[in-house]
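# Structural overview
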Number of protein chains: 2
Amino acid sequence: MTEEKQDKKDHILEVAEKLFAELGYDGASTRLIAQEAAVNMAMLNYYFGGKEGLYFAIFQKHVSEQKLRLQNLNNEEISSFEKLEKCIDNYADKMMSNCAFQKIIYREMSLSQRSDINKKIISLISQNALEVKKIISEGINNGSFNPEADSDMLVASLFGTKSYLINAAEMSSLLIGEDVTDPDVIEKTVKPRLKNHMKKMFSAYLINHNGNKK
Amino acid sequence: MTEEKQDKKDHILEVAEKLFAELGYDGASTRLIAQEAAVNMAMLNYYFGGKEGLYFAIFQKHVSEQKLRLQNLNNEEISSFEKLEKCIDNYADKMMSNCAFQKIIYREMSLSQRSDINKKIISLISQNALEVKKIISEGINNGSFNPEADSDMLVASLFGTKSYLINAAEMSSLLIGEDVTDPDVIEKTVKPRLKNHMKKMFSAYLINHNGNKK
DNA sequence: ATTAATTAATCAATCGATTAATTAATTTTG
DNA sequence: CAAAATTAATTAATCGATTGATTAATTAAT
């Protein structure tokens, strides 16, 4: 029964995440979430203590999942650029599985409310961002990367490009000429193009930087 | 009196834009907007026909303002990269004046509601995005840009980097080590670094692309 | 005198949350 | 092991608060 109960909670979390991503925090009413998850509205409060608790639980889930992943990368003995390539692949690969959550995150981050949630987001995302920054800084320090490179802006470009593709999906679709919310298109078009683009561009800027005369 | 009335309407629009950016559409109640703008709540409906009308009016204002600006760029007889540099400067310079509106735009674009507003946004933003894409495509076609470059992804990187800095301001502040919502910091630090970063990176990738052996 | 602008009070609708009642599951006990 | 007792899970109905919008009355402008 504990397993069934957990399945039920997980199902609610899934439905809620999808609806929060589509409609926003206020737009996704508890009534709609309960209806869509086929549970009584009072169960949301019974399980999660309220709407905010449900919202929190979604973040908790992703935090714990992420902690498992984010460990044995920076230990490997490979070049700085190979590390960076792994980061690029990693974030591009999570494109589909994390799509809804990413929408929620960036939307929440752009709001000046719920500062407790905001702090949670920062501590969650900052791990990734600071890790990437560290890799770039290392590359600069050990002389393999362009010494003029701006590690902060590079992080902004890496994360910003992906978030633009996902959060501004309608614009991206217009640009690319295909529906970038279609899983097939993401897998066969967006992912490979994003990976290739980031690697080539970063490589040209960080490694083959022989055009700077000054 | 018509002038006074227009000033009043403009003032309401300013206050509303700020509050919508900070708190989101649902978070900014008409009561709060009216209070903050020091007008009676009923005036919002009297002037704009309702909350949605007020929201619409903000978009209308920016659309009409933009149409004035977006004309005599692509006519100039300068190199493709110089055009691209002008675009970079242009979007970086609008960073402060457009900050609140950009938050609203990207948040709205990531939501699956208000499709009428969404279309307005797409038609507004797509002009800029497609213009940049056109410049890059031209550069590729006339042989001055890296023929392997992905114009769509480059647009995503340009717009995505800026939107990351603004919409994920708390993350950016953590990265950079300064408060990127502070106008002084934007002017003296963020703007020049963003401009320099985008120009250098695009230059390395699009022009000095001699590291590709295949 | 007529229209426009502004106000305070109020409307119905929706929201998240809670209640009390009922059913299911689990534990205790004889 | 089975009946009773206790706890957990689930439901429908309802609560107060807040929302956007509207009204009727008042003031200002034409």
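Residues numbered from 1 in each chain as written. Chains lettered and ligands numbered in written order. Predicted model: local features only at pLDDT ≥ 70, side-chain atom pairs only at ≥ 80, totals over all residues. Heavy atoms only, no water.

Moving on, we get to the protein's contact with DNA strand C. Around DNA strand C, a shell composed of 18 residues is seen, among which A:Met41, A:Lys51, B:Lys8, B:Met43 and B:Tyr46 lie nearest. Here a phosphate oxygen of DNA strand C and a backbone polar atom of A:Thr30 are 2.8 Å apart. A:Asn45 places a side-chain nitrogen or oxygen 3.4 Å from a phosphate oxygen of DNA strand C. Mapped onto the surface near DNA strand C, the elements with two or more residues apiece are α2 (30-37) and α3 (41-48) of chain A together with α1 (2-27) and α3 (41-48) of chain B. It is α3(B) that provides the largest number of residues to the surface near DNA strand C, a total of 4 residues. (Near = heavy atom within 4 Å. Polar contact = N/O pair within 3.5 Å; in protein donor to acceptor, adjacent residues only side chain to side chain. Helix = DSSP H or I, 4+ residues; strand = E, 2+ residues; numbered from the N terminus.)

With that out of the way, let us pick up helix α7 (residues 115-141) of chain B. In this model α7(B) runs 36 Å from its N-terminal to its C-terminal C-alpha over 27 residues, within 8% of the 39 Å that 1.5 Å per residue would give. At B:Ser126, α7(B) is bent by approximately 35°, the largest bend along its length. (Expected span 1.5 Å × (residues − 1). Bend = angle between axes of the 7 residues up to and from the residue.)

Let us look at the UniProt feature "DNA-binding region" (unreviewed entry) in chain A. Residues annotated in UniProt with the feature "DNA-binding region" (unreviewed entry) correspond here to residues 29-48 of chain A. From the first C-alpha to the last, residues 29-48 of chain A spans 15 Å; its make-up is 80% helix and 0% strand. (UniProt positions renumbered as here; feature names shortened; annotations may be inferred.)

This paragraph deals with empty space enclosed by the protein. Leftover empty space is mapped by rolling, across the atoms, a probe with the size of a water molecule. A full pass over the atoms with the stated rule returns 7 cavities of 30 Å³ or more. Surrounding the largest cavity, 22 residues form its lining, A:Tyr91, A:Asn98, A:Gln102, A:Asn128 and A:Lys162 being those nearest its centre. (1 Å grid on protein atoms, 1.4 Å probe; cavity = no way out; pocket = protein on both sides within 12 Å on 5 of 7 lines; lining within 4 Å. Points joined across faces, edges and corners; volume = space filled by probe spheres on them.)

Moving on to the protein's contact with DNA strand D. Taken together, 17 residues lie near DNA strand D, and A:Lys8, A:Tyr46, B:Thr30, B:Met41 and B:Lys51 sit nearest. Within the side chain of A:Lys8, a nitrogen or oxygen atom sits 2.8 Å from a phosphate oxygen of DNA strand D. Within the contact set of DNA strand D, a phosphate oxygen lies 2.5 Å away from a side-chain nitrogen or oxygen of A:Tyr46. Those elements that provide at least two residues to the surface near DNA strand D are α1 (2-27) and α3 of chain A together with α2 (30-37) and α3 of chain B. Among the elements that take part in the surface near DNA strand D, α3(A) stands out by supplying 4 residues, more than any other.

Take the domain arrangement of chain A next. Residues and elements named next belong to chain A. Once the domains are mapped, chain A shows domain 1 (1-49) and domain 2 (56-206). Averaged C-alpha coordinates put domain 1 and domain 2 at centres separated by 28 Å. The interface of domain 1 with domain 2 comprises 8 residues on the first partner and 10 residues on the second. For the domain 1 and domain 2 pair, buried surface summed over both sides reaches about 850 Å², with 63% attributable to carbon and sulfur atoms. Three residues stand out in domain 1 for area buried against domain 2, namely Leu13, Glu17 and Ala21, and they jointly supply 62% of the buried area on that side. (Domains from an automatic or database assignment. Contact = heavy atoms within 4.5 Å. Buried area = accessible area lost by both parts, 1.4 Å probe.)

So, about the interface of chain A and chain B. Taken together, the contact between chain A and chain B spans 54 residues of the former and 54 residues of the latter. Among the residues of chain A in contact with chain B, A:Met153, A:Tyr164 and A:Leu175 are the three that bury the most area, contributing 14% of the side total. For the interface between chain A and chain B, the tally reads 6 salt bridges. The closest approach of N and O atoms between A:Glu148 and B:Lys200, which form a salt bridge, is 3.6 Å. Taken together, the links from chain A to chain B amount to 18 residue pairs in polar contact (both at pLDDT 80 or more). Ranked by the residues each element gives to the side of chain A that touches chain B, the list is headed by helix α8 (residues 151-167) of chain A, at 12 residues. Residues belonging to the side of chain A that touches chain B are distributed by class as follows: 28 nonpolar, 15 polar and 11 charged. (Salt bridge = Lys/Arg side-chain N within 4 Å of Asp/Glu carboxyl O. Nonpolar A, V, L, I, M, F, W, Y, C, P; charged D, E, K, R; others polar.)

A ring pair, where both rings are aromatic, is described by two values, the distance of the centres and the angle of the planes. Residues and elements named next belong to chain A. Applying the stated rule across the entire model yields 22 aromatic pairs over all chains. Here the aromatic rings of Tyr25 and Tyr55 are separated by 4.7 Å at their centres, their planes lie at 65°, and the arrangement is edge-to-face. Linking Tyr25 in helix α1 with Tyr55 in helix α4 (residues 51-69), this pair joins segments that are 30 residues apart in sequence. Taken as a pair, Tyr25 and Tyr55 share a single burial class, namely buried. An aromatic cluster of at least three residues, connected via ring pairs, comprises Phe20, Tyr25, Tyr55, Phe59 and Phe101. The ring of Tyr25 is capped by Lys51, whose NZ or CZ atom sits 4.5 Å from the centre of that ring. Over the ring of Tyr25 we find Arg114; its NZ or CZ atom is 4.0 Å from the centre of that ring. (Phe/Tyr/Trp six-rings, centres within 6.5 Å; stacked < 30°, edge-to-face > 60°. Buried < 20%, exposed > 50% of the residue type's maximum accessible area, 1.4 Å probe, protein only. Lys NZ or Arg CZ within 6 Å of the ring centre and 35° of its normal.)

What follows is about the UniProt feature "domain: HTH tetR-type" (unreviewed entry) in chain A. The positions UniProt marks with the feature "domain: HTH tetR-type" (unreviewed entry) are residues 6-66 of chain A. Span residues 6-66 of chain A is 89% helix and 0% strand, its end C-alpha atoms 20 Å apart.

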